[in-house]
Every structure is written in structure tokens, then in C-alpha cells.
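Examination of the molecular architecture
What follows is the residue order along each chain.
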Amino acid sequence: PPGQGYGDCQRRWYYHPGYPKQEWRQCNFADGKRQLWCILFARKILIIMIQPIISLSVANMTFIGQNWGARRMDRIRPAIRTGVMLEILWGLFAAAVLFFLGEPLIRFTTGTTDPVMLHNAKVSLRINCVLYPVLGVLFCLRNTMQAMGHKIIPVLSSFIELAMKLLAVSMFIPRWGFIGVCITEPVTWALMTAFLCAAYFAFRRRWLTGADKPAAL
């Protein structure tokens, strides 16, 4: 029935085994739709706040690509450091804003006043936003490696990310439900950032020893 919060159906079924199955299915379906709307509400805000992260990484990629082609190595390392620092700073700022002002922003952008939906959307928002600094590093490293001609590792990381999300859909989300959906992307960001960091530092050693140089013009 309308107005029930997340988990009401499961609690009613647990405490009252005689609860009609058809009504339980209808109630459970309604809960599922409410959870989906909560995630969509949160994603609207997350997408807005992620735009500076994307813009910074693309701008840095253009600068690094130009200097890599011109063989200006003295400009590339400071650009990478600056890009990563700016991504982390914006990620921390966005995470603080979303963590403490998430519910008013959701209410403002969606117009909903349902306390259960607001609460669940806020939970989804907070779980995702705390790893925004990590996401910034991920974007920066992925675009940097592409700009320097290393396309296999970034593309491979995208395929691994897709595989991890498919694994979450088939294994973790059916077990953990709403929380499983919320943690899938942040966990993927963290693992892919670690993967790209390892690849980048391995590549940087080759670059510093002269084993990896841009092709002559």
C-alpha cells in the first residue's frame, strides 16, 4: 500500500507469516520502485557535482597531450600533480557539500517531501560522495595515460569496471539490496584508481629511464 517505508513488507512478512502472499508481492514491488526513485534522486545531484571533475581531467589531458607531443617533459609532471591536487580539492569540497546539505538539495531538485525517500536518497548520496576525491584521481590518471599514448590500460580499466558492475548486479545486489546498489560504484572507483595508480607509476619509471618516449615529429 502507498506510504509504506522501505522494509515494511519484509518486517510484516517476518512477524506475521500468515500475511497474504499477493499483498506482500504488491507491497514489495512498491518498495522496489521507491528505492529506485531514491537512487535516481541522488544521481541527479551526483551528476551535477561531478561535472567539474570531468572538465578538469579533460582540460589537463589536452595540456599533457600537447606537451607530450612536443617532448616537454618538464611541463608534464607538474601538470599531473596540479591536476590531481585540483581534482582532490574539488572532490573534498563536493563531498562536504553533499554530505551535509544533501537532503535540502534533493528536496529542492525533486520536489519530494516523502521522509523515507528523502532518507534513502540521502544515504545513497553520502555513500557515493565520500569517494569523490578518489573518482577525481581516477579521471585524471585515465585521461593522462590516454594523452600520453597509453590507451590499452585505460580501456582495460573500463572493461574491468563494467565486469565488476555486472558481478555486483548478479551477486551482491540480490543479497544486499539497496545498500548493494549504493556501494557498487564507490567500490569500483576505489579499485580502478588503485589499478591505474599502479599502471601509471610503472609507466613513469619507464619514462624517467628513457625507455618510453614520444615518437619523433
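Since we're looking at a predicted model, the values are computed, not measured. (Residues numbered from 1 in each chain as written. Predicted model: local features only at pLDDT ≥ 70, side-chain atom pairs only at ≥ 80, totals over all residues. Heavy atoms only, no water.)

Focus on the state of the cysteines
Put simply, the test is: Cysteine sulfur atoms are paired as a disulfide whenever they come within 2.5 Å of each other.
All told, the structure shown has zero disulfides when counted by the stated rule. Here Cys140 is not disulfide-linked; the sulfur of Cys197 is the nearest cysteine sulfur, at 9.9 Å.

Remarks on unusual backbone geometry
To be explicit about the condition: Strands here mean DSSP runs of E at least two residues long; helices mean DSSP runs of H or I at least four residues long; both are numbered from the N terminus.
Backbone geometry places Arg71, a non-glycine residue, at a positive phi of 60 degrees. For Arg71, the position within the fold is in the loop between helix H2 (21-69) and helix H3 (73-110).

Observations concerning the environment of Arg142
Selection criterion: Whether two residues are in contact is decided by their heavy atoms: any pair within 4.5 Å suffices.
As for its position among the elements, Arg142 is in helix H5 (residues 132-147). Linking Arg142 and Ser158, residues 16 residues apart in sequence, is a C-alpha distance of 9.4 Å. Discounting residues that sit within four places of it in the chain, Arg142 has contacts with Pro154, Ser157, Ser158, Glu161 and Leu196.

Section: the layout of surface pockets
What counts is decided by this rule: In the cavity and pocket records, a cavity denotes points on a 1 Å grid over the protein atoms alone where a 1.4 Å probe fits but cannot get out, a pocket denotes an open set with protein on both sides within 12 Å along at least 5 of 7 lines, and lining residues are residues with an atom within 4 Å of a point. Grid points are joined across faces, edges and corners, and a volume is the space filled by probe spheres set on the points. We call Asp, Glu, Lys and Arg charged. Ala, Val, Leu, Ile, Met, Phe, Trp, Tyr, Cys and Pro are nonpolar, and the rest, Gly among them, are polar.
Of the pockets and cavities examined, the largest pocket occupies roughly 250 Å³. What lines the largest pocket is a set of 14 residues, among which Ile39, Arg43, Val181, Thr184 and Glu185 lie closest to the centre. When contributions to the lining of the largest pocket are tallied by element, the ones reaching two or more residues are H2, helix H4 (115-129), helix H6 (152-176) and helix H7 (178-208). Residue composition of the lining of the largest pocket, grouped by class: eight nonpolar, three polar and three charged.

Topic: the environment of Asn67
Defined as follows: Per-residue accessibility, obtained with a 1.4 Å probe over protein chains only, is compared with the maximum for each type, and a residue is labelled buried under 20%, exposed over 50%, and partly exposed between these values.
Residue placement: Asn67 occurs in helix H2. According to the relative accessible area criterion, Asn67 is buried, its value standing at 5%. Sequence spacing of Asn67 and Ala147 is 80 residues, and the spatial spacing of their C-alpha atoms is 9.5 Å. Those residues within four positions of Asn67 in sequence are excluded, and the remaining contacts are Arg72, Arg75 and Ile76.

Digging into the packing of aromatic side chains
Applied cut-off: Side-chain rings of Phe, Tyr and Trp, where Trp is taken by its six-membered ring, are said to pair if the distance between their centres is within 6.5 Å; with planes under 30 degrees apart they count as stacked, over 60 as edge-to-face, and otherwise as tilted. Note on criteria: charge over ring means Lys NZ or Arg CZ within 6 Å of the ring centre, with the direction from the centre no more than 35 degrees off the ring normal.
This structure, assessed with the given rule, holds seven aromatic pairs. With a centroid separation of 6.3 Å and 45 degrees between ring planes, the pair formed by Tyr132 and Trp189 is classed as tilted. With a gap of 57 residues between them, Tyr132 in helix H5 and Trp189 in helix H7 connect regions that are remote in the sequence. For the pair formed by Tyr132 and Trp189, the shared burial category is buried. One aromatic cluster is present, formed by Trp68, Tyr200, Phe201 and Phe203 through successive ring pairs. Stacked on the ring of Phe99, the Lys or Arg Arg126 has its end atom at 4.3 Å from the ring centre.

Quick notes on H6
For an α-helix the count is 3.6 residues per turn, leaving residues at separations of three or four pointing the same way. For the record, the criterion: Expected helix span is given by 1.5 Å per residue-to-residue step, counting one fewer step than there are residues. Axes are fitted to the seven residues ending at a residue and to the seven starting at it; the angle between these axes is taken as the bend at that residue.
Taking 1.5 Å per residue as the helical rise, H6 with its 25 residues ought to reach 36 Å, and the 33 Å between its terminal C-alpha atoms agrees with that figure. Largest kink in H6: about 45 degrees, centred on Ala168. Where H6 terminates, the next one or two residues include Gly177, which has phi positive at roughly 65 degrees.

Comments concerning the side chain of Thr193
Among the secondary structure elements, Thr193 is positioned in helix H7. Residue classification places Thr193 among the buried positions, given a relative accessible area of 8%. Discounting residues that sit within four places of it in the chain, Thr193 has contacts with Val134, Val137 and Leu138.

A look at the nonpolar core
Put simply, the rule reads: Only buried Ala, Val, Leu, Ile, Met, Phe, Trp, Tyr and Cys residues count toward a nonpolar core, and they belong to the same one when joined by side-chain atoms within 4.5 Å.
Counting 45 residues, the largest nonpolar core has Ile76, Leu98 and Tyr132 as its most contacted members. Mapped onto this core, the elements with two or more residues apiece are H2, H3, H4, H5 and H7. For this core, the leading source of residues is H2, giving eleven residues. Apart from the residues within four sequence positions on either side, Leu98 is in contact with Ile45, Leu46, Met49, Leu105, Leu125, Cys129 and Tyr132.

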